[in-house]
Amino acid sequence: MSTTNVFSTVLSVSGNEIQVASSSPVQLCIHGHFYQPPRENPFTGLIPSELGAEPYANFNEKINAECYRPNAALGNFERISFNLGPTLAVWLEKHDPETYARIIASDRVNYTRYGYGNAIAQAYNHAILPLSRPLDARMQIEWGIVDFERRFGHRPEGMWLAETACSTAVLEMMAEAEIKFTILAPWQADSRSVETLDSVERRRIQARLRATERERTRHKAEALDATEKLAVGQEPPLPLTYPTPEDLRIEAAALNNIRDRSSAGWINEPFDTSEAYQVDLPSGRSIIVFFYNGHLSSTVSFNQWATTDAERFACDWLLPQINLEKLQSGESQLLLIATDGELYGHHQQYRDYFLEHLTRVATSKVSIEVTSLARYIHEHPPRRRIRIFDNSSWSCHHGVLRWSDGCECTPGDTSWKPTLRRAFDLVSEEVDRIFETVGCRFFKDCWQARTDYIHVWLGAASEDEFMSRHLQPASFRSENSRALALRLLRAQMYKHQMYTSCAWFFEDVDRIEPKNALAAAAITLKLLGRLTRPGLQRDFEAELAQAVSSRTGLNAAMLYRRGLRWASHNKLASSVQAEPSTDQPTPLSGESGVPSLEEKSEDEAVA
């Protein structure tokens, strides 16, 4: 039998016909998390010039030139799994429509070819959902789905969670929203909880565990011997597990690479990450979880030398991660690499070309097939179930403390993080109280109106159309009622902007990310005006005053007031922009009952 591609060959053994899988037994999926935090100043909807982005005006332009545009031009988005964060998608759609269109078309190619695309959704504002109130977490999921449907033209099968931060409750919400799968880090899995889903599989695993080490070693030696016979043109007998010659070649290469690289840091995961797992949920629903290969993902992200040569990477790094027992038993397996998408060309120069050659050429040379996650679960449904660790993430070794109480994942004093969150929680609770007590007078169903308002926010529906569908008839006829209802909805949108994960990710409160979150809080309070309870502003600033920058000595209350004065000085807090953008609606202004954003306290100097 020739050693050329025989994956679609039908073998006849002892009169029984055996259909060999129509694809490689080893498949690779690379997931790119493409996302940028909202760099727009919430007061203006514009991105200020950013130091370090030269010769570009800001980092969105710089990263687009180094990553999004070249990867789209090379066709990489068509061959990988990816999520496109809504804030980034808004910017691309407006500032580089050609690149944006290519990215959207990449998913369409896969959707047309297979019936499911290779793009997945993202929770809308990149908030840490296990730390969100349940209503807000559901909203982030629903808005992420709406945003995806508007852009890609079909419902998403998967969803990326910000920082892969997850809990059983969040998975329950996703399953309720008919999301089929998500991606987590391997350390988010309770590896001790793995169970097979069927009795036949359970018996097969038990039999495998009873096999002696000597028998396994003998089987591997026979596979190597068979490969040597193939090299000189001899036809080896088919073993009972019927591997194809490509299986034998992959196995021999993998064994050689494991032996050669065993002293170079090759490691096994604490459990088998080469398949999808089912997570059973308290409601009786279930959701599928992929756990990325931690060693491969870390190598691609942080070892720049490993990704200089795609063909060497395929041989030296992919092959050693192959599960040989699965290969010998004819089971399919998935090597999943998950990284920030900006890695390919921005964080690491020329890695857009690495990605192109790896997914188009290098993998085919070692008989590994490139796939997407949606395609994989349709062809290979989960055979095992697992539980996850609640309140875990991929970028914090302490669960989700990086975005709540603070931890050693960021250097220095992180005591500002819980106080900033407590301050925003005060505003959030008041926004929801007002929305429920006041909004119910105007809307037929206030929470459904909040869910659907995303269509207006994205520019996919007009305010008049939205109001006619959701307002009570009497409120629709009242101009004042319509204006107030709109302010309540916009306050909800800006409230969610406060919780963008980037505000807590880094080491200091005196950075653009927390300051943009503070500006979103300022706009939220302006929209609510005198509807808020007495003392809210005082309590809010008292909490902010405890969040102190270890770098500049300024506290968040000072930064907040400084932003207010800047906005007032530039007439941005009391006047509508001449050219408001659809992605960043300007708050209503000049309405009676709305206090000025002029700061009454002057207890710190203006920069």
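Cut-off values and rules
Residues numbered from 1 in each chain as written. Predicted model: local features only at pLDDT ≥ 70, side-chain atom pairs only at ≥ 80, totals over all residues. Heavy atoms only, no water. Core = buried A, V, L, I, M, F, W, Y, C linked by side-chain atoms within 4.5 Å. Buried < 20%, exposed > 50% of the residue type's maximum accessible area, 1.4 Å probe, protein only. Contact = heavy atoms within 4.5 Å. Helix = DSSP H or I, 4+ residues; strand = E, 2+ residues; numbered from the N terminus. Phe/Tyr/Trp six-rings, centres within 6.5 Å; stacked < 30°, edge-to-face > 60°. Pairing = 2+ DSSP bridges. Axes fitted to C-alpha atoms, helices over the stretch in contact; angles between N-to-C directions. Polar contact = N/O pair within 3.5 Å; in protein donor to acceptor, adjacent residues only side chain to side chain. pLDDT = per-residue confidence, 0-100.

## Some thoughts on the nonpolar core
Here comes step 1: In this structure, Leu318 and Phe424 are the most contacted members of the largest nonpolar core, which totals 142 residues.
Here comes step 2: Setting aside chain neighbours within four positions, we find Phe424 in contact with Met498, Tyr499, Trp504, Ala517, Leu518, Ala521 and Phe540.
Here comes step 3: Counting residues in each nonpolar core, the second largest holds 19 residues, with Ala185, Leu336, Ala338 and Ala374 among its members.

## Observations concerning the environment of Ile183
Here comes step 1: Residue placement: Ile183 occurs in strand β7 (residues 181-184).
Here comes step 2: What makes Ile183 buried here is its relative accessible area of 0%.
Here comes step 3: Put simply, Ile183 and Cys166 are 17 residues apart on the chain and 9.9 Å apart in space, counted from C-alpha to C-alpha.
Here comes step 4: Setting aside residues up to four positions removed in sequence, Ile183 forms contacts with His31, Ile120, Met159, Trp160, Thr164, Phe290, Tyr292, Leu336, Ala338 and Leu373.

## Some thoughts on the packing of aromatic side chains
Here comes step 1: If you walk through the whole model with that rule in mind, you get 25 aromatic pairs.
Here comes step 2: Ring centres 5.3 Å apart and planes at 85° place the aromatic pair Phe271 and Phe291 in the edge-to-face group. On the criterion of sequence distance, the pair formed by Phe271 in the loop between α9 (245-261) and β9 (277-280) and Phe291 in strand β10 (residues 286-291) is long-range, its members being 20 residues apart.
Here comes step 3: Here Phe271 falls in the buried class, since its relative accessible area comes to 8%.
Here comes step 4: Between Phe505 and Phe506 the ring centres are 5.0 Å apart and the planes differ by 80°, which places this aromatic pair in the edge-to-face class.
Here comes step 5: By relative accessible area, Phe506 is classed as partly exposed at 27%.
Here comes step 6: Within the aromatic cluster, the residues linked to one another by ring pairs are Phe34, Tyr68, Phe77, Phe82, Phe148 and Phe152.

## Re the sheet that holds β9
Here comes step 1: Sheet architecture is open: 5 strands sit in the order β7-β10-β9-β13-β8, paired in mixed fashion. Looking along the sheet, the strands with just one partner apiece sit at the ends: β7 and β8 (189-196). In this sheet, adjacent strand axes meet at a mean angle of 40° when their direction is disregarded.
Here comes step 2: Of the strand pairs in this sheet, β9 and β10 are connected by 4 bridges, and their pairing is antiparallel.

## Regarding the side chain of Asn60
Here comes step 1: The residue Asn60 is located in helix α1 (residues 59-73) in this model.
Here comes step 2: A distance of 2.7 Å separates the side chain of Asn60 from the side chain of Arg39, its partner in a polar contact.
Here comes step 3: Setting aside residues up to four positions removed in sequence, Asn60 forms contacts with Gln36, Arg39, Ile47, Glu50 and Trp91.

## So, the confidence of the model for the chain
Here comes step 1: Looking at the chain, the pLDDT average stands at 83 and 78% of residues meet or exceed 70.
Here comes step 2: Residue range residues 257-268 is modelled with pLDDT below 50. Its contacts to residues more than four positions away, or to other chains, number 17 contacts.
Here comes step 3: Counting interchain partners and residues more than four positions distant, the pLDDT-below-50 stretch residues 573-607 has 72 contacts.

## Focus: the pairing of strand β4 (residues 81-84)
Within a regular strand, the side chains alternate between the two sheet faces.
Here comes step 1: With burial as the criterion, each face of β4 is covered, one bearing Ser81 and Asn83 and the other bearing Phe82 and Leu84.
Here comes step 2: Alignment of strand β3 (residues 26-34) against β4, held across 4 bridges, turns out to be parallel. Opposite His33, over in β4, you have Asn83 as the bridge partner.
Here comes step 3: Of the pairings in the sheet, the one linking β4 to strand β5 (residues 119-122) comprises 2 bridges and is parallel in character. Within the sheet, the bridge partner assigned to Phe82 lies in β5 and is Ala119.

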